[in-house]
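Residue-level structure breakdown
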Amino acid sequence: MAENNPTPIASAPPTPPSPGTAPSAPVPSAPVPSGPARPSSGRPSSAQAPSGSPSSGSPSSVPLTPVFVRLKLSLLRNGLRQSSGRTVAYIASAVFALLLAAAQLLGLLLLRGSDHAGTLVVLLTALLALGWAVMPLFFPGGDETLDPTRLVMLPLRPRSLVGALLAASLVGIGPLFTLCLAVGSAAATAHGAAAVAVSVLAVALVLLVCVALARAVATANIRLLTSRKGRDLAVLSGLVIAVGIQVVNFGVQRLGDAGGLSALDPAARIVRWLPPASAMGAVESVSEGAYGRAAAQLLLTVAALAALLYAWQRSLVKLMTAPDGSTLAASEPARKESVWQPGRLLPEGRTGTVMLRSLRYVWRDPKTKAAWVTSLAIGLIVPLLNALQGRGTIYFACFAAGMLGIQMYNQFGQDTSAFWMVALTISSTRDAYLELRARALALLVITLPYSALVTVATAALLGDWGALPEALGLSFALLGAMLATGAVASARFPYSIPQDSGYKNVAPGQAGLAWISIFGGMLGAALLCAPVLALTIWIHVTGADEWAWLLLPVGTAYGALAAAGGLRLAAPRTAARLPEILSAVSKG
């Protein structure tokens, strides 16, 4: 008699899905209640896999650090394969960074034993950390792994993701440069076996804090950096570099006047308690025998590193779980537009329309905005910093007019291929003249009061109010001359401005046109200003200083006549070369 026990039904193994098709969900089989269950034989069946087998491993059990390091290397390798120019630029930047790091390492080693070595080391470490914090805001595209939004759909835990991204961030030129600088800083202040042991920990902490700081800042602002405002911010990176160079130059000169590094001791006493400079301060404290102070400085650095990693993890969780704020803003009802419209203050007709369009370019177009902001900042920094140093002259204020006058060059390049709409409205020399005049007036709306403001500020810092009228006259004459040469250069040497990259201002093959347009125009403007400059020199040479105030009306009138003459000269060339201009500005 057959037993009333269920007979096990052997099921075929599941067929793996073909590529490109979604795997079907397993169909559960209903149990057949036909009697008591058969006792197990004590051996695992073929359907049961041991708990330690590879088939039971989850994605979270796979170590992420080697994967992300290989990903970083693959991104770097594939990026260099895109073009030979990019490869050459990367190799050149790597060689330059390594040479600079080697020079700084050698300089720090030579500084060993100096009384002010600790002061310089902590301040240098603080500046290095500041650079790591600021650079991701301006160069978000330098490391593609800075964008964690590409990992949103992967089943990754934030804690393991932070560790893997931190390890991947240690691969590159920047971390190597930081490591060399930290090693040199530690070697300059470490004296004794205990200090050398602490310096090893200090170097590691400095490197980790700098990298974690950059990652935390980039992750917290990644949606800003990938938006239009972020691209505008990245384009302004040149301004930060230019301002930084001027600040460093100013600081070096002030140090020379103050008697050397001893002037930095008060600042160093504060900075040595700010991470990651506190880690390097701990090395000096151990060398001096202050072990308690060194322990406090190391604990402060470790706490800062933990806080940065925690903030980074929180930003990752928010980034990967919260919706994009831009999409939420788009779904909200439109805001009511402001009642005040600056376009109403402009003249009617073609002049007002072109002026409003040019001013909107300044406010909205990233390339135009970057050029304007850079010119405004440098035109202000150069005369004022020289005046603060006590070595400047009021004539340096003309630098502002010169920097802003450059914006008149290549007027049609900012239109790119859309210049065809402007060309359709120009049918005569009169139309071309009105177009150029309106663009020059839009430029004067900003440059004229700004040049006067910079000149007045320079005179106030120098206390040289008697030379203010002649400085204003020279500035206005130079501005008018640059408007004249800029209009002619725009018609004769137009070139395209690429819109696909924030770091290219000239289309390939047009660099010669750009050099001729800008530097040729600047030379021509200097020659146009020669009569006013000669009059200024004659007044001072002959001792007729009481007539120097006449340079203000003379320079203003001369600048206005020069600008009007340049616009009249450029108008017929613009009207006759519309096809050539359109072809030149459409290559970007």
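If you're wondering where the values come from, they're calculated on a predicted model, not measured in any experiment.

Some points on the overall build of the protein
- Secondary structure assignment for the protein yields 23 helices and 0 strands.
- The proportion of buried residues among the 588 residues of the protein is 38%.
- Here the analysis covers contacts within the protein between residues at least 6 apart in sequence; of these, 82% occur between residues at least 24 apart.
- Counting only carbon and sulfur atoms, one obtains 68% of the accessible surface of the protein, whose full area is about 32300 Å².

A short note on helix α4 (residues 158-169)
- If you check α4, its first and last C-alpha atoms are 16 Å apart, about what 12 residues at 1.5 Å a residue would give, namely 16 Å.
- Residues Leu161, Val162, Ala164, Leu165, Leu166, Ala168 and Ser169 constitute the buried set of α4.
- Of the surrounding secondary structure, the elements contacted by the buried residues of α4 are α1 (64-80), α5 (173-189), α6 (193-220) and α12 (291-321).

Details of the nonpolar core
- Residues Phe68, Met280 and Trp312 are the most contacted members of the largest nonpolar core, which totals 48 residues.
- Elements with a minimum of two residues in this core: α1, α2 (84-110), α3 (117-138), α4, α5, α6, α11 (277-287) and α12.
- No other element matches α6, which puts 15 residues into this core.
- In contact with tryptophan 312, not counting residues within four places along its chain, are Val162, Leu165, Leu166, Arg215, Ala216 and Thr219.

Some words on the confidence of the model for the protein
- Residues at a pLDDT of 70 or more form 74% of the protein, whose mean pLDDT is 79.
- Taken element by element, the protein is modelled with least confidence in helix α13 (residues 325-331), mean pLDDT 49, and with most confidence in helix α22 (residues 551-576), mean pLDDT 94.
- Counting contacts from residues 1-57, a segment whose pLDDT is below 50, to residues more than four positions away or on other chains yields 12 contacts.
- Residue range residues 326-332 is modelled with pLDDT below 50. Its contacts to residues more than four positions away, or to other chains, number 1 contact.

Overview of the packing of aromatic side chains
- In the structure shown here, the tally under the stated rule is 1 aromatic pair.
- When the ring of phenylalanine 412 is compared with that of phenylalanine 419, the centres are 5.0 Å apart and the planes differ by 55°; the resulting orientation is tilted.
- Given a relative accessible area of 0%, phenylalanine 419 falls into the buried group.
- Here arginine 568 stacks its cationic end above the ring of tyrosine 433, 4.1 Å away from the centre of that ring.

Focus: the pattern of salt bridges
- Scanning all chains against the criterion turns up 6 salt bridges.
- Here arginine 293 makes a salt bridge to glutamate 288, at a shortest N to O gap of 2.7 Å.
- What makes arginine 293 partly exposed here is its relative accessible area of 33%.
- Ionic pairing is found between glutamate 435 and arginine 439, a salt bridge with its closest N-O pair at 2.9 Å. Taken together, the residues span about one helical turn, with glutamate 435 and arginine 439 both in helix α18 (residues 429-462) at a distance of 4 residues.

What counts and how
Residues numbered from 1 in each chain as written. Predicted model: local features only at pLDDT ≥ 70, side-chain atom pairs only at ≥ 80, totals over all residues. Heavy atoms only, no water. Helix = DSSP H or I, 4+ residues; strand = E, 2+ residues; numbered from the N terminus. Buried < 20%, exposed > 50% of the residue type's maximum accessible area, 1.4 Å probe, protein only. Contact = heavy atoms within 4.5 Å. Areas by Shrake-Rupley, 256 points an atom, 1.4 Å probe, with all protein chains shown as cover. Expected span 1.5 Å × (residues − 1). Core = buried A, V, L, I, M, F, W, Y, C linked by side-chain atoms within 4.5 Å. pLDDT = per-residue confidence, 0-100. Phe/Tyr/Trp six-rings, centres within 6.5 Å; stacked < 30°, edge-to-face > 60°. Lys NZ or Arg CZ within 6 Å of the ring centre and 35° of its normal. Salt bridge = Lys/Arg side-chain N within 4 Å of Asp/Glu carboxyl O.

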